[in-house]
Each structure stands twice: as C-alpha cells, then as structure tokens.
Amino acid sequence: MSLTDPAQVNSSASDSTSPALQTPSGSFPDLVCFAHLHWDFVWQRPQHLLSRFAQHGRVLYVEDPFVHPDQVEPHLEIKERQSGVKVVVAHLPFGLTWQDSDAAQTKLLAEYFEKENFKQYIFWYYTPMALNKSRDFQPVLTIYDCMDELASFKFAPDGLREREQELFKKADLVFTGGYTIYESKKLQHPDAHPFPSSIDKDHFGLARQPMDDPADQAGIAHPRIGFFGVVDERLDIELLRQLATNHPEWQFVIIGPVVKISDDQLPRQKNIHYLGGKNYLELPSYLHGWDVATLLFADNESTKYISPTKTPEYLAAGRPVVSTPIRDVVRPYGDLNLVQIAANADDFGRAIEKALVQTQDADWRRRTDEYLATISWDLTWQQMRDLMLARLQAKSTNAATETADSSLVSAS
C-alpha cells in the first residue's frame, strides 16, 4: 500500500464498513500502541502490559518521530526488544510542518502494515496526539489506556484536550491508570474501567533477600530514605530540601532521570544523593539497602490524577513507605494503614521516624502481604484481555448480523 495521500488509508474505526473480526476465539489480532513515552526510558505501565500482550501476538510500539537536523529520506526504524515488542520510530527531516510530519508518518505506517501483513489490528493509545497520524486507519478495536492527565503536565502540547475528546468518540474501551482519573474519565466515555498501578511481586520481592549493595550506594550511610522515579515537576523539591535540612542524620537517595526541570532547581545538601536513572532490573538491589521508601510528590495539577506504580513496588520489596497525600495512595494504602501519609515537612519527618521501626511490626508485614496478594500485572493484563475479547466478539457478532440482514433485504 504505497500512499501519496494519507486520505487514501482505510477509513476510521467508527466507519460502519469496518470488516468483521476473523480471529479464533480467545486469540488477538495484532496490537499497535501509540505512545508519548520512549520504550527504553523507564520501565512502567506500558512495558508491563504490552510485554504481556506480546506473548500472544505481534505488538508494535510506535513512538514520536525522530527529527534530524539535516535532510533525510523519511523512513521507519524497527527495534526489536527482548520482550517481543517491536519499537517503531519514524525518522524525518527538519523543517516539516506538523501536517506534513503526520502525513509522512501515516504513509510510512501504511507501507509497513502492507509489507508485514497487518490487516486486522487493535489500536492502543497512550497519547491522543497520535490521532493526527493514525485516524485514517481502520482498527478492529480501539483502546485508550489513560494512565495520566497529560494536559496537566508541563509542556503539554496544544490541542491535547481536543484530541482526547476525539479519541473518546473513537475508543471502544477506556482504561484508566487509577481510580481518581477514572472518576473523571467515566463521565466522558460509557465503557471506562479503572486499572490502578500494579506490581511484579517476584521481581521486587528480590529486595527482601540478601543482596549486594550497588557500588554507587554502598558508601552512603544509614538511615537511608529513598525515592525512585522520574525527577520532574511532580517531585516536591521543597519538601525534599526541608527534610534534608531538618534531618541531617538521614541520607536521602534519589534514583531517576531528571527531565523537564533544571538540575539547578534541585536541592544540594550533603545528605542528598542523586544516583541518576537505573535499569529496572537493578531497582531491587537499591531498595534492599533502603530503610524507608518515599513518594515525595508535590500537590499540583500534574499529580492530581496520578496512581504511582512505585507504591506497591516499595511494599513488595518490604520497605515501609511514607507518602504525600496523593489520592490514589491515600485510597487504598493510607486507608488500610499500609502507607503513612503526611502533607508537610514536619509531619513527613515524624512519619519517617515511625517508618524506621516499622519493619519490626509483624502485623503490618502480614496485612501488607495480604493486600499485595490481590494485585499483579498478570491479573491486570488478564482482566483487560477479557474485556477486549468480549468487545471483539460482540463487534464480530454485530457485523455478522448486519451482513445477514443486508442479504435478506437484497434477496427480497
């Protein structure tokens, strides 16, 4: 399918001429994910879910394009990952308008679909902005996995809210990354389902076993108060600054890449240690060496709807946790008295003091493990899969009925 005009691509998913699904019961068509996050950046929700889908079929992970500073022929780069997912990146020359950029990406994807025989496929969106390059295709199912309120993030693209409304109209199912954002999105789509952050218990449970301290952490004294995650506008850097000032006897270990904020904004007390980004496989060894884990999130628009994956990961590692009052941490972890909640530096410091002895609390450990036994990424994937299969079956049945009715009308 060599295209010169994106309008020549198949019509959208909402088109009544969409073909009936023709896959065996219980199996999936190919899955094409459009994401704003780089696959190799931080291992989080998309990686957990899509690596599981990749065990049952082909999965493409389409990232934002790479724009070259000079002239280059538009082309796709396909990067195969150990999980079975193929990462797709369009390479484009500098100077294209956004319309020309989207048209080029549409053409490249259409050609790749034809070459690799992608005929029946699911579209899975993490960013509504990807509609600009995908709206003219014809997926058999459209999923919007809304893990964050992206319009509230720093440097959010213009038109994001408008594109999200368009995606709501196209989506067959909407999944949300937590209960707070679900309460907002269920008002905008009739078939929304909350799937809060989950865990790979076996992976983070390694931190409960004897492990060597990583070299860059081994020289840091105890008590160690840790945080891992992306260091951006969601991190409460003033809270971190006050805690480090008020408690020079504690060592604060911060793991994660710094993005969207300047290094100059970060507090630089001697008892704060920025160790940079780490591979997902390394995280248990760092957690093993912490005394308390924290969620140092600010109270702002970018954190209103978040459901931090690290909450159950910290607990699975056996670390006591102190968090600012993020709603999806308060409910359920704070309400169940599994995580301590504190809104200011003084209260946060007192909560850390309690957490430093919490590992001796057998009742807390028992209750924590009982709750963690009810969640997993495998279970989340299975529940999503069941909803998708049911919707695919319903669409196939409806299409068959419409075909039969049309045949009867023609015969009469």
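Because the structure is a prediction, the values reported are computed rather than measured.

Enquirer: Tell me what's going on with the nonpolar core, and back it up with residues and numbers.
Expert: Formed by 54 residues in total, the largest nonpolar core has its most connected members in Trp-290, Leu-296 and Tyr-314. Every residue in contact with Trp-290, bar those within four places of it in the chain, is listed here: Gln-217, Arg-224, Gly-226, Phe-227, Phe-228, Val-253, Ile-255, Tyr-314 and Arg-319. With 31 residues, the next largest nonpolar core counts Val-87, Leu-173, Phe-195 and Met-384 among its residues.

Enquirer: Just give me the short version of the pairing of strand E6 (residues 121–125), but keep the residues and values in it.
Expert: Where burial is concerned, most of E6 is hidden: five out of the five residues are buried. Side chains of E6 alternate between two faces, with Tyr-121, Phe-123 and Tyr-125 and Ile-122 and Trp-124 buried alike. For E6 and strand E7 (residues 141–146), the ladder comprises four bridges, and the chain directions are parallel. Residue pairing for E7: Phe-123 is matched across the bridge by Thr-142.

Enquirer: Tell me about helix H11 (residues 327–334), and please be specific about residues and values.
Expert: Listed as buried for H11 are Asp-328, Val-329 and Tyr-333. Taken end-on, H11 shows its buried residues confined to a sector of 100°, consistent with a single buried face.

Enquirer: Account for the pattern of salt bridges, with residues named and values stated.
Expert: Using the criterion set out here, one finds 24 salt bridges in the structure. Of the charged contacts in the structure, one is a salt bridge between Arg-81 and Asp-40, with a shortest N-O distance of 2.8 Å. Here Arg-81 is found in the loop between strand E4 (75–80) and strand E5 (86–93), whereas its partner Asp-40 is found in the loop between strand E1 (30–34) and helix H1 (45–53), with 41 residues between them in sequence. When its relative accessible area of 27% is taken as the criterion, Arg-81 is described as partly exposed. Look at Asp-40 and you get partly exposed, because its relative accessible area is 48%. In this structure, Arg-367 engages Asp-363 in a salt bridge whose closest nitrogen and oxygen atoms are separated by 2.9 Å. With a gap of four residues between them, Arg-367 and Asp-363 both fall in helix H13 (residues 362–372), about one helical turn apart. Using a relative accessible area of 35% as the deciding quantity, one classes Asp-363 as partly exposed. Salt bridges linked by common partners bring Asp-363, Arg-366, Arg-367 and Glu-370 together as one network.

Enquirer: Please give an account of the packing of helix H8 (residues 237–246) against helix H12 (residues 345–355) that cites residues and values.
Expert: Two elements in contact, H8 and H12, have axes whose closest approach is 10 Å; the angle formed by their N-to-C orientations is 60°. For the element pair H8 / H12, the angle class is oblique. Crossing angle aside, the handedness with which H8 passes H12 is right-handed. Here Leu-239, Gln-242, Leu-243 and Asn-246 of H8 lie close against H12, whose contacting residues are Ala-345, Asp-346, Phe-348 and Gly-349. Tallied by class, the residues present in the contact of H8 with H12 amount to four nonpolar, three polar and one charged.

So, how was this worked out
- Residues take numbers from 1 onward in each chain, read along the sequence in its written order.
- Per-residue local features of the predicted model are confined to residues with pLDDT of at least 70, and side-chain atom pairs are confined, for both listing and counting, to 80 or more; whole-chain, interface and lining totals are unaffected and use all residues.
- With hydrogens and water excluded, all non-hydrogen atoms of the structure serve as input to the side-chain values.
- Remark: nonpolar core denotes a set of buried residues (Ala, Val, Leu, Ile, Met, Phe, Trp, Tyr, Cys) joined through side-chain atoms within 4.5 Å.
- Exposed residues in this analysis have more than 50% of their type's maximum accessible area, buried residues have under 20%, and partly exposed residues fall in between, with area computed by a 1.4 Å probe over protein chains only.
- Should any heavy atoms of two residues lie within 4.5 Å, those residues are counted as being in contact.
- The way it works is that DSSP assigns letters per residue, a run of H or I at least four long becomes a helix, a run of E at least two long becomes a strand, and they are numbered from the N terminus.
- Strands are treated as partners if at least two bridges between them are detected by DSSP.
- Each direction from the helix axis to a C-beta atom contributes to the arc, which is the arc of those directions.
- By salt bridge we mean one thing: a side-chain nitrogen of Lys or Arg within 4 Å of a carboxyl oxygen of Asp or Glu.
- For every element, the axis is a line fit to its C-alpha atoms; helices are fit only across the contacting stretch, and the angle between N-to-C directions ranges from 0 to 180 degrees.
- In this scheme, roughly parallel covers angles under 35 degrees and roughly antiparallel covers those over 145, while 65 to 115 is roughly perpendicular and the rest are oblique.
- Each crossing gets its hand from how the near helix is turned against the far one by less than a right angle, where anticlockwise is left-handed and clockwise is right-handed.
- Each residue gets one of three labels, nonpolar for Ala, Val, Leu, Ile, Met, Phe, Trp, Tyr, Cys and Pro, charged for Asp, Glu, Lys and Arg, and polar for the others, Gly among them.

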